[in-house]
Structure formats: structure tokens, C-alpha cells
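Working through the structure, step by step
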Amino acid sequence: VGTDRVLRWDDLYSVVISNLRASDRMEFVLPDTVVHVLTDRISEAFDECPLGTLYFIILYAYDVITQRGGGDAVWHAEIIKVTLRRFPFFVIAAARWPTFHALDHFSFLHRPQNPSAAKKTLCEGVQGSSGIEWGGLMRAATMWSNDQLLGLEPGDHDSGAGGAIKAAADAVYKNAGGNDAAQEECPFGFLFLCTTQVLASALRLTGSFEGWARALDRMMSELPFFAISGSQWPTFRMLAMFSSLSKGDEAAALGAFQADVHRWGGA
């Protein structure tokens, strides 16, 4: 950030990271100075550091959701939805701010509100022409993402979850019409599959990254963030893992991956 007219972004980032690393349990801190800026000078903050502002918008919104609820919560949730859609997912992921980590952390606050919503998001008992049994795949997805959090390597723990996810991805993209069928049958499950394949493509540095990334961006623009959180598919957890690929003492760039962050004002 070149000016720091509104906020001292580097200092704020140091506070953010020190709190996240302070214990085994992530702690997301919203400084009072940021709250004042978000309520009085949000446009200036966004001009100065858009991705830092996005991160704090999310924290502030969840503070409102948990403390006040009601119409204020709905209004702030809408701000998150609109602001997230201003950026490609990989730009958010490559920025230094742990935005997807925050969305994953607060996902427990969202759950389907009625049986119809639960059926659409959980996809229990759904199986169509894609050949995927979506309820079983969601259980495999949760198991596999938990294994990744534990740092298990292939062969350490053979739950079969990874194989189930690979088989589902093959069914979607190797069978004629599988893509369209999967989106129709279980859009949130399809979005999760997109995140796993983006993560796999990035790890292997394969040429398929761009295609998966475009599919993921399209789905992220169509599905509201709170519905993704409430679906109980570990999508934001996968995106947090993807975001972590470019972090560390020295960021490892994926081609022009980090360059786009600077173009969008994310550093």
C-alpha cells in the first residue's frame, strides 16, 4: 500500500497475523480503528486497499450478525456478497489477507433454514444422470478436508474419501453432459468439486488451472456466500487451503498468480 492515508495497513496486517498465530484456535480480531473507518470512510479505505477492506468488511459483518442480527445483519451480509463478487476468487486467495480463512471460520453460523433449503444444499438422496450420489460425496468431502487439516499424507489414513472425490470429478468432466447434470443436481456439491480440482491443479502446476478457475469463478458469482457456508460442503475450507499455497516466508507464485494481486491492489 502506497499511502496509508486512511489506515496503517501493514501494522494492521501484523496484528491480524499475530492473533491468528497466537494459539491453535484461530482468533479474528477487529480493531476499533477499523470499525470507525468502515462506518465513516469505507470508500476511501477501499480505494486505498480494496482486499484489506474486504477482509475487514467480513469481520465487521459477522460482528453485527452475532451481536445484533435482524435487518442490520441482512444488510451487512448483502455487502459481503456484493464485495466478494468484485474480485476473481484467485485474487482474493493470493492476497495476504486471510479472507477465505475468515469465511470458513464463520461458516458454522449459517445453516439451511427449512427442509426445502436443506434438500437443495445438502443434496441428501440426490442422484441423477451424472451418476454421483451427492449425499455420500458430501460425507467424503468432510472426511477428506478433515484429513487435510490434520496434515495426513497419502497412505497415512486410507478413508477412501479422496478416491470418492476423484471418481466424482471424473464423472463430471469425462462423461458427456456430466458438467451440466452435476450443476443441476447439486450446485453446491459441484462448486466443491471445482475447488478440489483447482487445488489439485495448482499443486501439480498443470495447464488445467485456468479452466477450473473460470468454472469456480462462475459458480462463486451465482451462489451467495452465506448459502455456500450453510450448505455444509467444506468449500471455503478448500479455498483457505488454496490461499495458503502462496503464503510463507517467501511466497511461491503460480505463473502470473501473484501479479494479478498487485494489479487489483491487494498487496
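These numbers were taken from a predicted model, which means no experiment stands behind them.

This part covers the overall build of the chain. A tally of regular secondary structure across the chain gives 16 helices and zero strands. Counting only residues that meet the buried cut, the chain has 49% of its 267 residues in that class. Partitioning the contacts of the chain with sequence separation of at least 6, the portion at a separation of at least 24 is 72%. In the structure as shown, the chain presents an accessible area of about 13300 Å², 51% of it carried by carbon and sulfur atoms.

When pLDDT is averaged along the chain, the result is 82, and 85% of the positions lie at 70 or above. Within the chain, helix H16 (residues 257–263) has the poorest average pLDDT of any element, 44, and helix H4 (residues 50–67) the best, 94. This stretch, residues 249–262, has a pLDDT under 50; its non-local contacts, to residues over four places away or in other chains, come to 22 contacts.

Think of two packed helices as two axes; the pair is described by the angle between the axes and how far apart they sit. Running from N to C, helix H10 (residues 161–174) and helix H11 (residues 178–185) cross one another at 120 degrees; their axes reach a closest spacing of 6 Å. By the angle between their axes, H10 is oblique relative to H11. Contacts between H10 and H11 pair Ala171, Val172 and Tyr173 from the former with Gly178, Asn179 and Ala182 from the latter. Looking at the contact of H10 with H11 residue by residue, the class counts come to four nonpolar, two polar and no charged.

It is worth spelling out the nonpolar core at this point. With 84 residues, the main nonpolar core has Phe56, Phe89, Trp97, Phe100, Trp134, Trp233 and Phe242 as its most contacted residues. With eleven residues, the top contributor of residues to this core is H4. Apart from the residues lying within four places of it in its own chain, the contact partners of Trp233 are Thr121, Leu122, Cys123, Trp134, Leu137, Met138, Ala141, Cys186, Phe188, Gly189, Phe192 and Ile228.

Under the definition given, this model contains 15 aromatic pairs. Their ring planes at 85 degrees and their centres at 6.1 Å tell us that Trp9 and Trp97 sit as a pair that is edge-to-face. Taken together, the residues Trp9 in helix H1 (residues 9–20) and Trp97 in the loop between helix H6 (89–94) and helix H7 (99–105) connect sequence positions 88 residues apart. Summarising the burial analysis for this pair, Trp9 and Trp97 share the class buried. In this structure, Arg96 is placed above the aromatic ring of Tyr13, and the distance from its NZ or CZ to the ring centre is 4.7 Å.

In this section: the side chain of Ser243. Its place among the elements puts Ser243 in helix H15 (residues 235–244). Take Ser243: its relative accessible area is 2%, and that puts it in the buried class. There is a polar contact of 2.7 Å between the side chain of Ser243 and the backbone oxygen of Ala93. Not counting chain neighbours up to four residues away, the residues in contact with Ser243 comprise Ala93 and His101.

In this section: the pattern of salt bridges. Evaluated as defined, the whole model comprises seven salt bridges. With a closest N to O distance of 2.8 Å, Asp10 and Arg96 form a salt bridge. Placement of Asp10 in helix H1 and of Arg96 in the loop between H6 and H7 is noted, with a sequence separation of 86 residues between them. In this structure Asp10 comes out as partly exposed when scored by relative accessible area, which is 42%. Taking the shortest distance from any N to any O, the salt bridge between Glu44 and Arg41 comes out at 2.9 Å.

For H15, the tally of buried residues reaches nine of ten residues, placing the bulk of the element in the interior. Where H15 is concerned, the buried positions are Thr235, Phe236, Arg237, Met238, Leu239, Ala240, Met241, Phe242 and Ser243.

Here is what the cut-offs are and how they apply
Residues numbered from 1 in each chain as written. Predicted model: local features only at pLDDT ≥ 70, side-chain atom pairs only at ≥ 80, totals over all residues. Heavy atoms only, no water. Helix = DSSP H or I, 4+ residues; strand = E, 2+ residues; numbered from the N terminus. Buried < 20%, exposed > 50% of the residue type's maximum accessible area, 1.4 Å probe, protein only. Contact = heavy atoms within 4.5 Å. Areas by Shrake-Rupley, 256 points an atom, 1.4 Å probe, with all protein chains shown as cover. pLDDT = per-residue confidence, 0-100. Axes fitted to C-alpha atoms, helices over the stretch in contact; angles between N-to-C directions. Parallel < 35°, antiparallel > 145°, perpendicular 65-115°, else oblique. Nonpolar A, V, L, I, M, F, W, Y, C, P; charged D, E, K, R; others polar. Core = buried A, V, L, I, M, F, W, Y, C linked by side-chain atoms within 4.5 Å. Phe/Tyr/Trp six-rings, centres within 6.5 Å; stacked < 30°, edge-to-face > 60°. Lys NZ or Arg CZ within 6 Å of the ring centre and 35° of its normal. Polar contact = N/O pair within 3.5 Å; in protein donor to acceptor, adjacent residues only side chain to side chain. Salt bridge = Lys/Arg side-chain N within 4 Å of Asp/Glu carboxyl O.

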